[in-house]
Protein chains: 4
Amino acid sequence: MFLQKAPKLQVEKWLNTKHNITLESLRGKVVMIVAFQMLCPGCVEFSLPQAKKVQSMFSDEDVVVIGIHTVFEHHEAMKEVSLRAFIDEYQITFPVAIDEAGDNRPLPKTMEAYDMQGTPTIILIDRDGNINTKSFGHIHNLRLGAKIASLVLRKSGEICQNEGDDAISDACNLERCT
Amino acid sequence: MFLQKAPKLQVEKWLNTKHNITLESLRGKVVMIVAFQMLCPGCVEFSLPQAKKVQSMFSDEDVVVIGIHTVFEHHEAMKEVSLRAFIDEYQITFPVAIDEAGDNRPLPKTMEAYDMQGTPTIILIDRDGNINTKSFGHIHNLRLGAKIASLVLRKSGEICQNEGDDAISDACNLERCT
Amino acid sequence: MFLQKAPKLQVEKWLNTKHNITLESLRGKVVMIVAFQMLCPGCVEFSLPQAKKVQSMFSDEDVVVIGIHTVFEHHEAMKEVSLRAFIDEYQITFPVAIDEAGDNRPLPKTMEAYDMQGTPTIILIDRDGNINTKSFGHIHNLRLGAKIASLVLRKSGEICQNEGDDAISDACNLERCT
Amino acid sequence: MFLQKAPKLQVEKWLNTKHNITLESLRGKVVMIVAFQMLCPGCVEFSLPQAKKVQSMFSDEDVVVIGIHTVFEHHEAMKEVSLRAFIDEYQITFPVAIDEAGDNRPLPKTMEAYDMQGTPTIILIDRDGNINTKSFGHIHNLRLGAKIASLVLRKSGEICQNEGDDAISDACNLERCT
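Residues numbered from 1 in each chain as written. Chains lettered and ligands numbered in written order. Predicted model: local features only at pLDDT ≥ 70, side-chain atom pairs only at ≥ 80, totals over all residues. Heavy atoms only, no water.

**Describing the overall build of chain A**
Item 1. Check the secondary structure of chain A and you find 4 helices and 9 strands.
Item 2. For chain A, the sequential pattern of α-helices and β-strands runs β-β-β-α-β-α-β-α-β-β-α-β-β.
Item 3. Out of the 178 residues belonging to chain A, those deemed buried represent 54%.
Item 4. Across chain A, contacts joining residues at least 24 apart in sequence account for 70% of those joining residues at least 6 apart.
Item 5. When the accessible surface of chain A is totalled, it reaches about 7,800 Å², and 49% of it is carbon and sulfur. (Helix = DSSP H or I, 4+ residues; strand = E, 2+ residues; numbered from the N terminus. Buried < 20%, exposed > 50% of the residue type's maximum accessible area, 1.4 Å probe, protein only. Contact = heavy atoms within 4.5 Å. Areas by Shrake-Rupley, 256 points an atom, 1.4 Å probe, with all protein chains shown as cover.)

**Points about the packing of helix H4 (residues 141-153) of chain A against helix H4 (residues 141-153) of chain B**
Item 1. Remark: H4(A) packs on H4(B), axes separated minimally by 6 Å, with the N-to-C direction vectors making an angle of 45°. Taken together, the axes of H4(A) and H4(B) are oblique relative to one another. Judged by the twist between their axes, the crossing of H4(A) over H4(B) is right-handed. Residue-level contacts link A:Asn141, A:Leu142, A:Leu144, A:Gly145, A:Ala146, A:Ala149, A:Ser150 and A:Leu153 of H4(A) to B:Asn141, B:Leu142, B:Leu144, B:Gly145, B:Ala146, B:Ala149, B:Ser150 and B:Leu153 of H4(B). (Axes fitted to C-alpha atoms, helices over the stretch in contact; angles between N-to-C directions. Parallel < 35°, antiparallel > 145°, perpendicular 65-115°, else oblique. Left-handed = near helix turned anticlockwise from the far one by under 90°.)

**Focus on the packing of aromatic side chains**
Item 1. Applying the stated criterion across every chain yields a total of 8 aromatic pairs over all chains.
Item 2. Ring pairs connect the aromatic residues A:Phe36, A:Phe86 and A:Tyr90, which therefore count as one cluster. (Phe/Tyr/Trp six-rings, centres within 6.5 Å; stacked < 30°, edge-to-face > 60°.)

**Some remarks on helix H2 (residues 80-89) of chain D**
Item 1. Of all the residues in H2(D), the buried ones are D:Ser82, D:Leu83, D:Ala85, D:Phe86, D:Ile87 and D:Glu89.
Item 2. Positioned one or two residues after H2(D), D:Gln91 has a phi angle of 50°, which is positive.

**Structural notes on the nonpolar core**
Item 1. In this structure, A:Phe86, B:Phe86, C:Phe86 and D:Phe86 are the most contacted members of the largest nonpolar core, which totals 156 residues.
Item 2. Those residues in contact with D:Phe86 that sit more than four places away from it in its chain are A:Leu39, D:Phe36, D:Met38, D:Val44, D:Leu48 and D:Ile92. (Core = buried A, V, L, I, M, F, W, Y, C linked by side-chain atoms within 4.5 Å.)

**Quick look at the sheet that holds strand S7 (residues 130-136) of chain D**
All names here are of chain D.
Item 1. Pairing within the open sheet is mixed, and its 7 strands lie in the order S1-S7-S6-S3-S4-S5-S2. Unpaired on one side and paired on the other, strand S1 (4-5) and strand S2 (11-15) mark the two borders of the sheet.
Item 2. Running at roughly 160° to strand S3 (residues 30-36), helix H1 (residues 41-57) makes contact with S3, strand S4 (63-69) and strand S6 (121-125) of the sheet. (Pairing = 2+ DSSP bridges.)

**Considerations on the state of the cysteines**
All names here are of chain B.
Item 1. Tallying each qualifying case throughout the model produces 4 disulfides over all chains.
Item 2. Note that Cys40 is cross-linked by a disulfide to Cys43, the S-S spacing being 2.4 Å. Torsion about the S-S bond of the Cys40 and Cys43 cystine: about 80°, corresponding to right-handed handedness. (Disulfide = S-S within 2.5 Å.)

**Focus: the environment of B:Asp128**
All names here are of chain B.
Item 1. Turning to its location among the elements, Asp128 is positioned in the loop between strand S6 (121-125) and strand S7 (130-136).
Item 2. Judged by relative accessible area, Asp128 falls into the buried class, the value being 19%.
Item 3. The spacing of Asp128 and Leu48 is 80 residues in sequence and 25 Å in space, taken between C-alpha atoms.

**Describing the pairing of strand S7 (residues 130-136) of chain C**
If a strand is regular, its side chains alternate between the two faces of the sheet.
Residue and element names in this part refer to chain C.
Item 1. For S7, the buried fraction is high: 5 of the 7 residues fall into the buried class.
Item 2. Pairing of strand S1 (residues 4-5) with S7, which is carried by 2 bridges, proceeds in the antiparallel orientation. Across the sheet, the residue bridging to Lys5 is Asn130, located in S7.
Item 3. The turn linking strand S6 (residues 121-125) back onto S7 is made up of 4 residues, and Gly129 within it adopts a positive phi angle of 90°.

**Topic: the pattern of salt bridges**
Item 1. Across all of its chains, the model carries 28 salt bridges over all chains by this definition.
Item 2. Across the salt bridge formed by A:Glu112 and A:Arg105, the nearest N and O atoms sit 2.8 Å from each other.
Item 3. Residues B:Lys109 and B:Asp103 are paired through a salt bridge, measuring 3.5 Å at the closest nitrogen-oxygen approach.
Item 4. Sharing partners across several salt bridges, the network here consists of A:Lys13, A:Glu80 and A:Arg84. (Salt bridge = Lys/Arg side-chain N within 4 Å of Asp/Glu carboxyl O.)

**A closer look at the sheet that holds strand S5 (residues 96-99) of chain B**
Residue and element names in this part refer to chain B.
Item 1. Spatially, S1-S7-S6-S3-S4-S5-S2 is the arrangement adopted by the 7 strands of the open sheet, whose pairing is mixed. The open sheet has two free edges, formed respectively by strand S1 (4-5) and strand S2 (11-15), since each of these has just one partner strand.
Item 2. Direction of pairing for S2 relative to S5: antiparallel, over a ladder of 4 bridges. By the bridge assignment, Trp14 is partnered in S5 with Ala97.
Item 3. Here H4 sits on the sheet in contact with strand S3 (30-36), strand S4 (63-69), S6 and S7, set at roughly 20° to S6.

**A few points about the environment of A:Gln55**
All names here are of chain A.
Item 1. Mapped onto the secondary structure, Gln55 falls in helix H1 (residues 41-57).
Item 2. As a C-alpha pair, Gln55 and Asp103 span 48 residues in sequence and 33 Å in three-dimensional space.
Item 3. Those residues in contact with Gln55 that lie beyond four places of it in its chain are Val65, Thr93 and Phe94.

**Notes on unusual backbone geometry**
Item 1. In this model, B:Thr119 is joined to B:Pro120 through a cis peptide bond whose omega is 0°.
Item 2. With a phi close to 60°, B:Asn104 is a non-glycine residue in the positive phi region.
Item 3. Its place among the elements puts B:Asn104 in the loop between S5 and helix H3 (109-113).
Item 4. Judged by relative accessible area, B:Asn104 falls into the exposed class, the value being 84%.
Item 5. With a phi close to 50°, D:Gln91 is a non-glycine residue in the positive phi region.

**Here we look at the side chain of D:Asp126**
Item 1. Counting through the fold element by element, D:Asp126 comes out in the loop between S6 and S7.
Item 2. Within the structure, D:Asp126 has its side chain in polar contact with the backbone nitrogen of D:Asp128 (distance 2.8 Å). (Polar contact = N/O pair within 3.5 Å; in protein donor to acceptor, adjacent residues only side chain to side chain.)

**Brief notes about helix H1 (residues 41-57) of chain B**
Each α-helix winds once per 3.6 residues, and so residues spaced three or four apart point in a common direction.
Residues and elements named next belong to chain B.
Item 1. For H1, with 17 residues, the first-to-last C-alpha span of 24 Å sits near the 24 Å given by 1.5 Å per residue.
Item 2. The largest bend along H1 reaches roughly 35° and is located at Ser47, with the proline Pro49 sitting one to four residues downstream.
Item 3. Every buried residue belonging to H1 is among Cys43, Val44, Ser47, Leu48, Gln50, Ala51, Val54 and Met57, and all of these are buried. (Expected span 1.5 Å × (residues − 1). Bend = angle between axes of the 7 residues up to and from the residue.)

Structure, rendered in structure tokens:
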């Protein structure tokens, strides 16, 4: 059994929030991170609308949705001014972090720390700050709803045995707690 | 707090199964019942494809999907021979019960026992045989996934406090167990 | 160049119309025939909604939409009483012909006369009663709109040179008149 | 009867084409112009995919598709470098013009010359360079296919009587030629 603490978010700037956010400050809540690029078609068509739906369907007492703009290509095309207009036009109201640029490399720092393979990537973090799910690409709503609920219902401190990489498996293996 | 035991299924005939099914025989598992009519457009477009997806995504150790054909109008149009062809054409592989005709009334017996308002109706039954959810009309996949997961994760014997009629509420109030 | 006169419709019974319809009586108008089975998923999902849209978008001075129920399998499942309920539930308001049963063979007579390969089949007939298009399967709306318009704009008596089987070709070869 | 010559395109820069394009050089062909902004959700979801489909379905001997990036808000967010990345990510292969910035006003020049109300706007120009259709918002594919076909089939020099503003009317009034 292996528990991976979610690496800290390395953020250049926060949008859509008055205060900077740390994962530590969200301890006790389930966190859904949607890593996206504003010019990534799959993010625009699927993952961002899905994240908005999660935000509206679950209580913010239980589940916090955060976007992170992880630009790893076309850097000049997706600067802050463009992202701000995108957020406005697509009516995104959850907090969005601009991932910190990498030192002399195209991948930004949080993207690299989480070893993401591209965008969109969906990350679920449990109430204790551990990574429960990291999925590159689209997750079916039935599956995502089940995963979030399982994390919401788990009490803090419960240990969860993850059975393999269910981001790839098509079956919905709900994590059982012991 | 109120727990309603799921009424028994009153079935004229079972299709897609070798053995007749009773809710008692499924005790210990979560049961999703999709009540439909083969000529109900909303059933065909949304609820039956959704039920097929639930069947494929969740382990049948945990979740059993059952269809019940609750004909309350156009009775002559939706007899067994037509239903069988429908099941074949739409590739439905979960068990389907033909609801028992009412005595001198249009509503069939199981539909009446569950006090359903029409089709589609989605019913979720917990591991102990209690009705957890009864929803007339479409349920969003995020919400349905969350509800099923919450029932899967609940141990048999746990008492669940349902907070109002969440079939109507748009918010996803996950039931908390005590 | 080959012009095929549309074979006459061999109809057991007409629904959704006070008077029986013949193709002769529609000479001078463009006719779209959608051959369907009520239990054919592709017909229900695509072709019947598309035919309803054609009916609503084009003037009935120019374009007449007709359904023909060409049952070639599950005959007992799709009898008139079931079809009538289907038409009611799916709110089909254009005339629907029940294709005449074949003599000792599964294919009904009109289906065989037009040499259809299955359902859905879309047939377009020009103002002079010639078959312009016969397409097994779904036609993209852009393409269907273009085809119908080309027939509407062609004056009766104009000869049209069809360039190959454009029901199969993906390119939209508008028929040029000479 | 009123024929409006399509105003000339006032272009800051052309993308996706080796040579600058003028409407004069396209005389004899039907032209579909899709005026869009890269951060306009309706453009991304409907009109740009539709324009790509028109490009692939109609012969480029008959129909030429052109995009024009008419930025009237969030100007700093949608500069050339961002547009280039957008075109790359969304795999747009038809020529795209960057509309020339207005003199001390937010609306760019071509957008103003055509009196567009916003994005997306679809403009159809006939073989003689006249505006046939100017539609703010989404056009149904059936309708657009019919309109384009009617223009393709009309010989150059034919005069067309437009019956009212069919961009607003829901009925598909095919233009009749005299």
